[in-house]
Amino acid sequence: MIEKFIHSYVNRLTKDDIIQFASKNQVSLTNQEVDLIYMEIKNNWQTLLYNPNIVFERVKGEVSPNTYEKIIYFYDLYSKKLSLLANFH
């Protein structure tokens, strides 16, 4: 169930969504970081869901330390929320 929800969201995800989310959360991203984050989510969402460290290691050297910190922070935050949602059903 949760996988279908995520897949549907990822299919509709745009670079503008990433830019707006970052802006709303006071995270400054370069165009290259937006492109990288977008491509990783679009192409590797299942890996992010089940084995995120593979993706985190790949992007760590490609983004600023602050951006990497924020990626980890928001991943942890939303994965906990998804876990609660999955356990609810």
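Numbers given to residues run from 1 along each chain, matching the order in which its sequence is written. Given that this is a predicted model, residues contribute local features only at a pLDDT of at least 70 and side-chain atom pairs are listed and counted only at 80 or more, while totals for whole chains, interfaces and linings are drawn from all residues. Side-chain calculation: all heavy atoms of the structure are included, whereas hydrogens and water are not.

A. Representation of the side chain of E40 within the structure. Note on conventions: DSSP H or I runs of at least 4 residues are helices, E runs of at least 2 residues are strands, and numbering of each starts at the N terminus. The residue E40 is located in helix α3 (residues 31–50) in this model. Whenever two N or O atoms come within 3.5 Å, that pair is a polar contact, provided that in protein one can donate a hydrogen and the other can accept it, and provided that, for residues adjacent in sequence, both atoms are side-chain atoms. Among the polar contacts made by the side chain of E40, one reaches the side chain of N44 at a distance of 2.7 Å. For this analysis, residues touch if any pair of their heavy atoms sits within 4.5 Å. Dropping the residues within four chain positions of it, E40 is found in contact with W45, L48, V55, R58 and V59.

B. Local environment of the environment of L77. Within the element layout of this structure, L77 appears in helix α5 (residues 65–88). With 52 residues separating them along the chain, L77 and N25 place their C-alpha atoms 13 Å apart.

C. Quick look at α3. Its 20 residues give α3 an end-to-end C-alpha distance of 27 Å, which sits within 8% of 28 Å, the value for a rise of 1.5 Å per residue. At N44, α3 shows its maximal bend, which comes to roughly 85°. The rule is simple: take the accessible area with a 1.4 Å probe, protein chains only, and divide by the maximum for that residue type; under 20% is buried, over 50% is exposed, in between is partly exposed. Those residues of α3 not exposed but buried are E33, V34, I37, Y38, E40, W45 and L48. Expected span of a helix, by definition, is 1.5 Å for each gap between consecutive residues, and there is one gap fewer than residues. The reported bend at a residue is simply the angle between two axes, fitted to the 7 residues ending at it and to the 7 residues beginning with it.

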